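# Structural characterization, general
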Amino acid sequence: MRPTAGLPLTWSADSQVWDMGCSHDYVIAKSPGRVPPPPVQQDAGVWAATQGAVHGRQTMVQISVQGRSSTAVVLKALRVRVVGRGTPAAGSAYAMDQGCGSELTSRRFTVNLDADRPIAHRGNGTDGKSAEPAVHFPFRVSAEDPEVLLVDATTQTYDARWYLELDWSSQGRNGTIRIDDHGRPFRTTGIKGMPRYWYGTNEAGSRAWVPYEG
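Note that the structure is predicted; figures quoted are calculated from it, not measured.

Another point: the overall build of the chain. Looking only at helices and strands, the chain features one helix and 16 strands. Out of the 214 residues belonging to the chain, those deemed buried represent 45%. Look at the contacts in the chain between residues 6 or more apart in sequence, and 76% of them connect residues 24 or more apart.

Dropping the structure here:
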């Protein structure tokens, strides 16, 4: 959690989240023979950083928010800010598909980064088994009642750089939290038409990155 001085809440954000704990693509400007085996999700941040990897097609950001006391903090709105869109990054797509697990219970939002003005649309939450009703702002958090928000942002067309803004209010005070990738915008690139690989068994019977079929 980030206990920002003066704020009535703490928060943290993790952009290395895979769909259902298993499905994700990274774009890397390296040949398959130079890319190490895929990590488990918990090690994805370090693995992606060492490979210069960019999220391919989808970035899922899990935001944990909690009040610093029993006093309620009202979360009023979640906005998307796109700061740049260019042609998709060069490289190949590497799929992390390794067998699915489950997701944490979360309030889910979907974002189409290809839209002229992307909006965080309400979606059904998930606990890995069944859908929960879509969240409607505003809602409340406190020290005893935290929330987890899951933002699922996708692009088919661009190399997009973007961040989120979360508005809050408490006891007559109002503010906005910028949620980004450790001070930098999140980055998501389209993968349409790229070579795509997954980690399987090659013709020689060895474990390696092999062309993705399907």
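Still more ground to cover, so stick around.
With that settled, the discussion passes to the pattern of salt bridges. In total, this model carries 10 salt bridges according to the counting rule given. Where Asp-25 meets Arg-196, a salt bridge forms, and the shortest distance between an N and an O atom there is 2.6 Å. Taken together, the residues Asp-25 in strand β2 (residues 25-28) and Arg-196 in strand β15 (residues 196-201) connect sequence positions 171 residues apart. For Asp-25, a relative accessible area of 8% gives the class buried.

Judged by nonpolar contacts, the single largest core of 28 residues is most densely connected at Leu-9, Ile-63, Leu-75, Trp-162, Leu-164 and Ile-179. Those elements that provide at least two residues to this core are β1 (9-17), β4 (58-67), β5 (73-86), β7 (106-112), β10 (139-141), β11 (147-154), β12 (159-170) and β13 (173-179). Here this core gets five residues from one element, more than from any other, and that element is β12. Apart from residues no more than four positions distant in its own chain, Ile-179 is found in contact with Trp-11, Ala-13, Ile-63, Tyr-163, Leu-164, Leu-166 and Phe-186. Grouped together as the second largest cluster of nonpolar side chains are 13 residues, Trp-18, Ile-28, Val-35 and Met-96 included.

Applying the stated criterion across every chain, the model contains seven aromatic pairs. Between Trp-162 and Phe-186, the aromatic rings sit 4.9 Å apart at their centres with planes inclined by 45 degrees, giving tilted as the arrangement. On the criterion of sequence distance, the pair formed by Trp-162 in strand β12 and Phe-186 in strand β14 (residues 186-189) is long-range, its members being 24 residues apart. Grouping residues by exposure puts Trp-162 and Phe-186 together as buried. Taken together, the ring pairs in this structure connect Tyr-94, Tyr-197, Tyr-199 and Trp-209 into an aromatic cluster. Positioned above the aromatic ring of Phe-139 is the side chain of Arg-107, whose terminal nitrogen or guanidinium carbon lies 5.6 Å from the ring centre.

Let us look at helix α1 (residues 44-51). Among the residues of α1, those classed as buried are Ala-44, Trp-47, Ala-48 and Gln-51. Along the long axis of α1, the arc covered by the buried residues comes to 95 degrees, so they all point the same way. Of the exposed residues in α1, the ones pointing more than 90 degrees away from its buried face are Val-46, Ala-49 and Thr-50. In the core, the buried residues of α1 are packed alongside β1, β2 and β16 (207-211). Phi turns positive, to about 65 degrees, at Gly-52, one or two residues after α1.

The rolling of a water-molecule-sized probe over the atoms marks out the regions of remaining empty space. Estimates place the volume of the largest pocket at around 450 Å³. If you trace the largest pocket, you find 19 residues lining it, with Ser-15, Gln-16, His-55, Asp-181 and Arg-184 closest to the centre. Contributing elements (two or more residues each) for the lining of the largest pocket: β1, α1, β3 (54-56) and β14. Counting residues per element, the lining of the largest pocket draws most heavily on β1, which supplies four residues. Considering only residue class, the lining of the largest pocket consists of eight nonpolar, five polar and six charged.

What counts, and at which threshold
Residues numbered from 1 in each chain as written. Predicted model: local features only at pLDDT ≥ 70, side-chain atom pairs only at ≥ 80, totals over all residues. Heavy atoms only, no water. Helix = DSSP H or I, 4+ residues; strand = E, 2+ residues; numbered from the N terminus. Buried < 20%, exposed > 50% of the residue type's maximum accessible area, 1.4 Å probe, protein only. Contact = heavy atoms within 4.5 Å. Salt bridge = Lys/Arg side-chain N within 4 Å of Asp/Glu carboxyl O. Core = buried A, V, L, I, M, F, W, Y, C linked by side-chain atoms within 4.5 Å. Phe/Tyr/Trp six-rings, centres within 6.5 Å; stacked < 30°, edge-to-face > 60°. Lys NZ or Arg CZ within 6 Å of the ring centre and 35° of its normal. Arc of directions from axis to C-beta. 1 Å grid on protein atoms, 1.4 Å probe; cavity = no way out; pocket = protein on both sides within 12 Å on 5 of 7 lines; lining within 4 Å. Points joined across faces, edges and corners; volume = space filled by probe spheres on them. Nonpolar A, V, L, I, M, F, W, Y, C, P; charged D, E, K, R; others polar.

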